[in-house]
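The residues making up each chain are set out below.
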Number of protein chains: 2
Amino acid sequence: MYDLLITNATLLTMAGDGAGYIEDGAVAVEGSKIVAVGPREEVEGNDRARQTIDAGGNLIMPGLVDVHMHSASVIARGLAQEVATWMGSAYGPLVRHIRDEDAPLYTMVALMEGIANGTTTFGDYDAPMNELLASHVALGNRAVVCQGTTEINWADREQWIEQGWRPGTAPPLNRAYGEAGLAAEIALYDRWHGYDNDRIRVIFAPVAADMTSEELLLEFQRVARARNSSIHLHVAQDPRENNAMVERSGLRAIPYLDSIGLLAPDTIAVHMCMTTDDEIELAASRNVRMACCTNSIGIIDGVVPPARRFRELGGVVGLGSDQAPGNNSHNIFAEMRATAMFAKIKADDPTVLPAWQVLRMATIDGARVLGVDDLTGSLEAGKEADLIMIDLQGPPMAPVIRHPARNLVANLVYAQTGSGVLMSMVAGKVIYEDRRFTNVDKTAVLHQLAAAAGEFEAAISADPVVADLPIAQLTRSGLI
Amino acid sequence: MYDLLITNATLLTMAGDGAGYIEDGAVAVEGSKIVAVGPREEVEGNDRARQTIDAGGNLIMPGLVDVHMHSASVIARGLAQEVATWMGSAYGPLVRHIRDEDAPLYTMVALMEGIANGTTTFGDYDAPMNELLASHVALGNRAVVCQGTTEINWADREQWIEQGWRPGTAPPLNRAYGEAGLAAEIALYDRWHGYDNDRIRVIFAPVAADMTSEELLLEFQRVARARNSSIHLHVAQDPRENNAMVERSGLRAIPYLDSIGLLAPDTIAVHMCMTTDDEIELAASRNVRMACCTNSIGIIDGVVPPARRFRELGGVVGLGSDQAPGNNSHNIFAEMRATAMFAKIKADDPTVLPAWQVLRMATIDGARVLGVDDLTGSLEAGKEADLIMIDLQGPPMAPVIRHPARNLVANLVYAQTGSGVLMSMVAGKVIYEDRRFTNVDKTAVLHQLAAAAGEFEAAISADPVVADLPIAQLTRSGLI
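A. Up close: the overall build of chain A. A count of helical and extended segments in chain A gives 20 helices and 17 strands. Relative to its length of 480 residues, chain A is compact, with a C-alpha radius of gyration of 22 Å against a globular reference of 23 Å. Dimensions of chain A along its principal axes, counting C-alpha atoms only, are 75 × 50 × 50 Å. The burial tally for chain A puts 64% of its 480 residues in the buried class. Counting contacts in chain A only where the partners sit at least 6 residues apart, residues at least 24 apart contribute 71% of the total. Accessible area for chain A stands at about 15900 Å²; split by element, carbon and sulfur atoms hold 48% of it. Here chain A contributes 38 positively and 61 negatively charged side chains, and the mean placements of these two sets differ by 3 Å.

Below is the structure:
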């Protein structure tokens, strides 16, 4: 007897090569796992069920995968965009006011936003991850987490200046600082990897090539490989990184990483937007996995990441929401729409990167990027029951046309905003339904957020650097 | 005594040059009109109110303006994208199956989608407008409508071929057919213009230069000017139009329209995307008003319309959702985000077309484009009370940071999807609240839509031309 039968559903399983459409389908669940998926009469005919959910003809599909996000910076949402140098003139001066003790609340808010918009698996890349995981655990989502490590200890800034360092150039690296970071990551792995029947997995995160010595990068790779895990790093995000690597090694970021063996199948490369065609070809040929953050890079740099080309070269691409100060939301539907549209504009060709390919980036390919396609990303017997229900009765998904052409996939990518998510399930448990979270009181969290926002306002208001930022000047002008 | 006081609100009035932010504000309404807007203590101190709405600190701002939409084609939503020639290989063969008797239902669905996402004024450009207006009237929104006229009578197609016309070239014009169209538009104007205290206005719509003779274009201009109205036409939408105009007049679309005096302040030019820099400069110098349909043109052509440049040259720009088969939604929040992002990508510069300018396009500048800025588009004493309330308590608008920099405008443009619209009011009357429409039963409409979708499916399934379209082939491949 099935534990749960979800029936009377329009299915997109994402199994096989495309979207895996099944017109009148059902999904059977036992424990945390899917045990049968297919046409309704087949699945219903096999066995009976303790509990049945009638989907009412609505869409059941895999929960979305956000492969790269910095959850705790949500407190600075909308304060970092439309500047020439985002890191220095917007993001950096704001996020240094985030206190570790407040960060789990912010992560909770970012995850709530993602879940309400259909995400079930989060590739969260933030600190202090040991504490942030309390929010992942409470909400019930799936996560593949890491806590970034660099060898740049900004606490030493005054000392560097005394020693002749010029601001704007690559800061000196501190091996001991990096080793402490790696040790913390190993401790995180030991404590959390595999938690709750693999609902939480831990991977390793040297932040970027220019912030880490060659020795430490290679040590990260050894540590990750010994655990059959992955490394997740920013690659060629902005000219700073390429410039610093040329200065240090004579090679730009991607050829440098290749020269030390770090372009490999167990590497998740985020962004890769400041790259030549040859560099993208090299990365794809090494079977690196790509995390593409379309809206973030669009708003931060005015640039289209090379997702389309990387995919055409055979690479696997997932979508990430990155951060709220410079995106400005954690919404994979917004990432799908932008990824499909930006590719068309860049190519001056409306036929490139069709919707069904982008839908795969947001589901099964995202799961492959994070190394959890054994668990999630498609509806197939043997995988965990991570799925969402989307309203097909009203706009923007209605009318649903099925013959002789289907509009479902195009409307998911180009019209759906996330507001159509009716229910979300992870490992066979409902975590979100009727705009409420099963395990967390949204109203209480938002009250805490409002109080924390007041404290964050007070902190940034006392900082003369923030008062000089372009957005503070624009605010004083009265235009916003 | 005020009829209505909306208080305890964060206001964006859109009065003045920017977004018109007021931290703790109120709006007072008498009859259909705003009589006071400002800081709460000022407005509350002036008079008492029969009815009070406590906004609970949420945002009150002008309702959004959708300057250009074809409402009835919503039945083919998501069936027309990712093809090389959209009009011929997707849109045209589908929309010819829309029956006049079903069109008011489809318009109702499109308007419901727009209203749920914050739009209060619709620039609807469709037929049979006399019947479609029943939906606008029922829902209670504001509209500036027109019914397009051309001199191309596709019913004569067989006859043209006998006379030597080659498909793909400009079809012959039929003056009598165009005159009948103009007469119908005048009748529409006489019946509806000014309806319900100016809630409905009618303007004139020769569809495009290449579909209309010079004489008829000039007659349209005379008719519109005699009524102090506007003409609303597609300009340089695709290469077809420029090619046809060169063939006929030796001039591309924009120089041709200028040569006959049609580039003028009473012209609303839609798209202008297949244009040179000089042509955009010419149009801006003539004070043409621009309707920019960013997502539609992005998905149809893979092109970024020149909204940023037109605005920098002093032109006024509004945003339009165009049509659901090729967009694929009627959502001005989606248009704002795309317009701001696409401009940055096109310029390779994240600082261009900041959010506050795009928010003006979606409100006061949209009202100027449609010639209704005397009525709507900003919250100012003397204008109609057309406004929306947006949730600021939760994502994607929370946290709200006010000092020393405000994140409200950036998050409206880059994060809000439309799902945060809590209430919508037109001319002092609530037309949408708590996801329900005041005057229309959404469930009943969606039941009718599902039935109509079945009939539409049957009609297109019987058409061998539709069976050959790329999306039908993609459907048969199983990928979607």
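B. Focus on the nonpolar core. Within the largest apolar cluster, 257 residues are counted, with the highest numbers of intra-cluster contacts made by A:Leu12, A:Met336, B:Leu12 and B:Met336. Setting aside its immediate chain neighbours within four residues, A:Met336 contacts A:Leu64, A:Leu319, A:Val358, A:Leu359, A:Ala362, A:Leu412 and A:Val413.

C. The arrangement of the sheet that holds strand β11 (residues 267–271) of chain B in detail. All names here are of chain B. Taken together, the four strands give an open sheet; going across it, the order is β10-β11-β12-β13, and neighbouring strands pair in parallel fashion. Each edge of the open sheet carries a strand with a single partner, namely β10 (231–235) and β13 (316–319). Direction aside, neighbouring strands of the sheet carry axes that sit 30° apart on average. With three bridges joining them, β11 and strand β12 (residues 289–292) adopt parallel strand pairing. Residue pairing for β12: Val270 is matched across the bridge by Ala291.

D. Expanded view of the packing of helix α3 (residues 103–116) of chain A against helix α18 (residues 442–461) of chain A. Residue and element names in this part refer to chain A. Contact geometry of α3 with α18 gives a least axis separation of 10 Å together with a crossing angle of 130°. In terms of orientation, α3 and α18 fall into the oblique class. Where α3 crosses over α18, the two elements pack in a sense that is left-handed. Of α18, the residues touching α3 (which contributes Leu105, Tyr106, Met108, Val109 and Met112) are Lys442, Val445, Gln448, Leu449 and Ala452. A per-class count over the contact of α3 with α18 returns eight nonpolar, one polar and one charged.

E. Seen up close, the pattern of salt bridges. Residues and elements named next belong to chain A. Scanning all chains against the criterion turns up 53 salt bridges over all chains. Salt-bridge contacts for Glu241 lead to Arg240; the nearest nitrogen and oxygen are separated by 4.0 Å. Judged by relative accessible area, Arg240 falls into the partly exposed class, the value being 32%. Linking Glu380 and Lys383 is a salt bridge whose minimum nitrogen-to-oxygen distance equals 3.9 Å. Residues joined by salt bridges that share partners form a network here, namely Lys33, Arg142, Glu384 and Asp386.

F. Quick peek at the domain arrangement of chain A. All names here are of chain A. Here chain A is partitioned into domain 1 (2–62 + 378–437) and domain 2 (64–370). With centres defined by C-alpha atoms, the gap from domain 1 to domain 2 works out at 30 Å. Taken residue by residue, the interface counts 32 residues in domain 1 and 29 residues in domain 2. The tally of links from domain 1 across to domain 2 stands at two salt bridges. In this structure, the salt-bridge partner of Arg142 is Glu384, at a minimum N-O distance of 3.6 Å.

G. Local environment of the sheet that holds strand β8 (residues 142–145) of chain A. Residue and element names in this part refer to chain A. Strand order in the open sheet made by the four strands is β6-β7-β8-β9, with parallel pairing throughout. Lying at the two open borders of the sheet, with one neighbouring strand each, are β6 (64–69) and β9 (200–202). Strand-to-strand twist of the sheet, defined as the mean angle between neighbouring strand axes without regard to direction, takes the value 15°. Pairing of β6 with strand β7 (residues 119–124) involves four bridges; the strand directions are parallel. Bridge assignment links Leu64 to a residue of β7, and that residue is Thr119. Contacting β6 and β7, α3 runs over the sheet at an angle of about 140° to β7. The strands touched by helix α4 (residues 129–139) are β7, β8 and β9; relative to β8, the strand with the most contacts, the crossing angle is about 165°.

H. Focus on the relation of the copies chain A and chain B. Laying chain A over chain B is done by rotating through 180° and shifting 0.0 Å along the axis; what remains is an RMSD of 0.0 Å. The transformation just described matches what one would write down for a two-fold rotation axis. Of the residues that chain A buries at the interface, 100% are likewise interface residues in chain B, meaning the two copies contact each other through the same surface.

I. How the structure looks around the state of the cysteines. Residue and element names in this part refer to chain B. All told, the structure shown has zero disulfides over all chains when counted by the stated rule. Cys292 takes part in no disulfide bond, and the closest cysteine sulfur to it belongs to Cys293, at a distance of 6.6 Å. For Cys292, a relative accessible area of 1% corresponds to the buried category. In this structure Cys293 comes out as buried when scored by relative accessible area, which is 0%.

J. Here's a closer look at the side chain of A:Asp301. By the element assignment, A:Asp301 lies in helix α12 (residues 294–301). Buried charge A:Asp301 goes without a salt bridge, the closest partner of opposite sign being A:Arg240 at 9.2 Å.

K. Focus on the interface of chain A and chain B. Every contact between the two is made by 77 residues of chain A and, on the other side, 77 residues of chain B. Taken over both partners, the interface formed by chain A and chain B buries close to 6300 Å², and the fraction arising from carbon and sulfur atoms is 64%. On the chain A side of the contact with chain B, A:Glu82, A:Pro404 and A:Ile480 bury the most area, a combined 11% of that side's loss. On inspection of chain A and its partner chain B, the count reaches two salt bridges.

L. Here's a closer look at the environment of A:Glu455. All names here are of chain A. Along the chain, the position of Glu455 falls in helix α18. For Glu455, a relative accessible area of 44% gives the class partly exposed. In terms of polar contacts, Glu455 uses its side chain to reach the side chain of Arg99, at 2.5 Å.

M. Highlighting helix α9 (residues 239–249) of chain B. Residue and element names in this part refer to chain B. Along α9, the residues classified as buried are Glu241, Asn242, Ala244 and Met245. Within α9, the buried residues cover an arc of 165° as seen down the axis, which keeps them to one side. Turned more than 90 degrees from where α9 packs its buried face, Asn243 and Glu247 sit exposed. The first or second residue beyond α9 is Gly250, which carries a positive phi of 80°.

N. Main features of unusual backbone geometry. That bond from A:Pro395 to A:Pro396 is cis: its omega, 5°, falls within 30 degrees of zero. The omega torsion of the bond from B:His403 to B:Pro404 falls at -5°, within 30 degrees of zero and hence cis. Tracing the chain through its elements places B:Pro404 in the loop between β14 (387–390) and α17 (408–414). We note that A:Asp322 has phi near 60°; this positive angle belongs to a residue other than glycine. The residue A:Asp322 is located in the loop between β13 (316–319) and α14 (332–347) in this model. One non-glycine residue, B:Glu82, lies in positive phi territory at about 65°.

O. Examining the packing of aromatic side chains more closely. Scanning the entire structure with this criterion turns up 15 aromatic pairs over all chains. Measuring from ring centre to ring centre gives 4.9 Å for B:Tyr432 and B:Phe437, while their planes differ by 55°; the resulting arrangement is tilted. Residue classification places B:Tyr432 among the buried residues on the basis of a relative accessible area of 4%. The exposure class of B:Phe437 is buried, given its relative accessible area of 8%. A cation over a ring is seen here: A:Arg227 above A:Tyr189, with NZ or CZ 5.6 Å from the ring centre.

P. Inspection of a positive patch on the surface at higher detail. A surface patch of like charges, here positive, comprises A:Arg435, A:Lys442, B:Arg435 and B:Lys442. Considering the arrangement of structural elements, one finds A:Arg435 in the loop between β16 (429–433) and β17 (436–437). The class for A:Arg435 is partly exposed, based on a relative accessible area of 37%.

Q. Inspection of the environment of B:Lys383 at higher detail. All names here are of chain B. Structurally, Lys383 can be placed in the loop between α16 (364–370) and β14. Each C-alpha atom, one on Lys383 and one on Ala36, is 10.0 Å from the other, the two residues being 347 residues apart in sequence. When sequence neighbours within four positions are dropped, the list of residues in contact with Lys383 reads Ser32, Lys33, Ile34, Ile364, Asp373, Asp374, Leu375, Thr376 and Ser378.

Conventions we followed
- Residues numbered from 1 in each chain as written.
- Chains lettered and ligands numbered in written order.
- Predicted model: local features only at pLDDT ≥ 70, side-chain atom pairs only at ≥ 80, totals over all residues.
- Heavy atoms only, no water.
- Helix = DSSP H or I, 4+ residues; strand = E, 2+ residues; numbered from the N terminus.
- Rg over C-alpha atoms; globule rule 2.2 N^0.38 Å.
- Buried < 20%, exposed > 50% of the residue type's maximum accessible area, 1.4 Å probe, protein only.
- Contact = heavy atoms within 4.5 Å.
- Areas by Shrake-Rupley, 256 points an atom, 1.4 Å probe, with all protein chains shown as cover.
- Lys, Arg positive; Asp, Glu negative; His and termini not counted.
- Charge placed at Lys NZ, Arg CZ, Asp CG, Glu CD.
- Core = buried A, V, L, I, M, F, W, Y, C linked by side-chain atoms within 4.5 Å.
- Pairing = 2+ DSSP bridges.
- Axes fitted to C-alpha atoms, helices over the stretch in contact; angles between N-to-C directions.
- Parallel < 35°, antiparallel > 145°, perpendicular 65-115°, else oblique.
- Left-handed = near helix turned anticlockwise from the far one by under 90°.
- Nonpolar A, V, L, I, M, F, W, Y, C, P; charged D, E, K, R; others polar.
- Salt bridge = Lys/Arg side-chain N within 4 Å of Asp/Glu carboxyl O.
- Domains from an automatic or database assignment.
- Least-squares fit on C-alpha atoms with pLDDT ≥ 70 in both.
- Disulfide = S-S within 2.5 Å.
- Buried area = accessible area lost by both parts, 1.4 Å probe.
- Polar contact = N/O pair within 3.5 Å; in protein donor to acceptor, adjacent residues only side chain to side chain.
- Arc of directions from axis to C-beta.
- Phe/Tyr/Trp six-rings, centres within 6.5 Å; stacked < 30°, edge-to-face > 60°.
- Lys NZ or Arg CZ within 6 Å of the ring centre and 35° of its normal.
- Patch = residues over 30% accessible without salt bridge, like charges linked within 9 Å, V, L, I, M, F, W, Y side chains within 5 Å.

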